[in-house]
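# Coordinate inspection notes
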Amino acid sequence: MEMNADSITVNDSSPLEDSESARQAASTLNRSAEKLGPQVAQLANKMKVKQTRIALDCEISRISVNRFFRGRSEIRASDLVNVLRVLGIDLQKEIEIRLQNLTSY
């Protein structure tokens, strides 16, 4: 359904197409999560930061950290931000820097 420029355009796709799109998006996110955990683990190992230290500093279980590092489970976004902070990466600051760079063009 199309409307004028001041109104919303409605997608005419069928529910089946929408659910397939959602499954594909979820699958892509799962593959990304499976790669992210092991990459964060590699960084922690190179920095010699133990899973126990990360778990204590982030107030999450060591088992959760281990499963995430092995790509076996996901963690909450807030926990990821905290894990990265323990490893010296301030995600919020990185985003702010990128936003500043984009607005300076």
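Here the residue numbers are simple positions, counted from 1 along each chain's written sequence. The model is predicted, so local features are restricted to residues of pLDDT at least 70 and side-chain atom pairs to those at 80 or more, both for listing and for counting; the totals for chains, interfaces and linings are taken over all residues. Derived side-chain values reflect all non-hydrogen atoms in the structure, with water molecules and hydrogen atoms excluded from consideration.

### Let's talk about the environment of Lys 35
- Numbering of helices and strands starts at the N terminus; helices are DSSP runs of H or I of at least 4 residues and strands are runs of E of at least 2. Among the structural elements, Lys 35 can be located in helix H1 (residues 15–46).
- The spacing of Lys 35 and Arg 72 is 37 residues in sequence and 10.0 Å in space, taken between C-alpha atoms.

### Comments concerning the pattern of salt bridges
- The salt bridge criterion pairs a side-chain nitrogen of Lys or Arg with a carboxyl oxygen of Asp or Glu, the two atoms within 4 Å. Considering all chains together, one arrives at three salt bridges under this definition.
- Here Arg 76 and Asp 79 are joined by a salt bridge, their closest N and O atoms 3.2 Å apart.
- Remark: exposure states derive from per-residue accessible area (1.4 Å probe, protein chains only) relative to the maximum for the residue type, with buried under 20%, exposed over 50%, and partly exposed in between. The exposure class assigned to Arg 76 is exposed, which follows from its relative accessible area of 56%.

### Observations regarding unusual backbone geometry
- Phi at Lys 48 takes a positive value of approximately 60°, unusual for a residue other than glycine.
- Note that Lys 48 resides in the loop between H1 and helix H2 (51–58).
- The backbone of Glu 59 shows a phi angle near 55°, a positive value even though the residue is not glycine.
- Its location among the elements puts Glu 59 in the loop between H2 and helix H3 (62–69).
- Among the residues examined, Glu 59 registers a relative accessible area of 74% and is labelled exposed.

### Overview of the confidence of the model for the chain
- The predicted model of the chain has a mean per-residue pLDDT of 84, with 74% of residues at 70 or higher.
- pLDDT is a per-residue confidence score from the predictor, ranging from 0 to 100. H2 holds the highest mean pLDDT among the elements of the chain, 98, whereas H1 holds the lowest, 79.

### Remarks on the side chain of Asp 79
- Its place among the elements puts Asp 79 in helix H4 (residues 77–86).
- Throughout, a contact is declared for two residues whenever any of their heavy atoms are within 4.5 Å. Here Asp 79 is in contact with Cys 58 and Ile 60, once residues within four sequence places are set aside.

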